Amino acid sequence: MSLQLRLFGGSQAAAGKLPATNDGNHAIDKSKVLAQTDAGVITPNTPGNFSSIRSTPVVPDPRYFDREQADKLKELAKEKTDGARQSKRAYKSLTKIEEADKTVHKAHRKYEGAVADNELGKKRADAGLAKKLHSMRPGYARLGLGIDKADSNARTRIDEIKAKLTGGSN
């Protein structure tokens, strides 16, 4: 398997096939262009569920706590404070990963834009060559007719010489 196929997959046989005519139509599907990159991503159309975190129930009224409850709440507060610190670190890392993904995504789209621009440039060059070759067809036709006429004239002249030398019989 060639390096190109291993890196990029597919085959060149199917690549580059255009319909017989290209009248400016397109196959750009707006819904695909604007589709979410993941079902869980937050957009105006999928704003998330606005959930929150609550480690303890809300205390609706003033109340007294005993020593055991206070000690347990203090221990829970230490756990939650450390958990918050670790969560903050994790979310910071997740944010960096998202930013890196965005950088790669943007770079890839820029590359795809360059490929599309260059493909159009190549197709323009191909179309220009096709037009040039078509414009040359009358010249080649003239040359071909000239050669045919020269061949015909030569055959006529040869036949005349043969007829003269052989006394009129072939």
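Just so it is clear, the structure is predicted and the values come from calculations on it, not from any experiment.

Engineer: Hey, could you run me through the overall build of the chain in this one?
Structural biologist: Of regular secondary structure, the chain possesses three helices and zero strands. N-terminal to C-terminal, the α/β element order of the chain is α-α-α. Burial analysis of the chain (170 residues in total) assigns 0% to the buried set.

Engineer: Please clarify how the pattern of salt bridges should be interpreted in this entry.
Structural biologist: Here the structure, examined in full by the defined rule, presents six salt bridges. Arg85 serves as the salt-bridge partner of Asp82, at 3.7 Å between the closest nitrogen and oxygen. On the criterion of helical spacing, the pair formed by Asp82 and Arg85 is a turn pair, its members being three residues apart in helix H3 (residues 67-166).

Engineer: What should I look at first to understand the confidence of the model for the chain in this one?
Structural biologist: As a general rule, the predicted coordinates of low-pLDDT regions are not to be interpreted in detail. On average, residues of the chain score 89 in pLDDT, and 86% of them reach the 70 mark or higher. Here helix H1 (residues 3-8) stands out as the least confident element of the chain, with mean pLDDT 66; H3 is the most confident, with 96.

Engineer: Is there a simple way to explain the packing of aromatic side chains in this structure?
Structural biologist: Given two aromatic rings, their pairing is described by the distance between the two centres and the angle made by the two planes. Tallied over the full model, the rule gives zero aromatic pairs. The ring of Phe65 has Arg63 sitting right over it, with the charged end atom 4.1 Å from the ring centre.

Quick notes on the rules
Residues numbered from 1 in each chain as written. Predicted model: local features only at pLDDT ≥ 70, side-chain atom pairs only at ≥ 80, totals over all residues. Heavy atoms only, no water. Helix = DSSP H or I, 4+ residues; strand = E, 2+ residues; numbered from the N terminus. Buried < 20%, exposed > 50% of the residue type's maximum accessible area, 1.4 Å probe, protein only. Salt bridge = Lys/Arg side-chain N within 4 Å of Asp/Glu carboxyl O. pLDDT = per-residue confidence, 0-100. Phe/Tyr/Trp six-rings, centres within 6.5 Å; stacked < 30°, edge-to-face > 60°. Lys NZ or Arg CZ within 6 Å of the ring centre and 35° of its normal.

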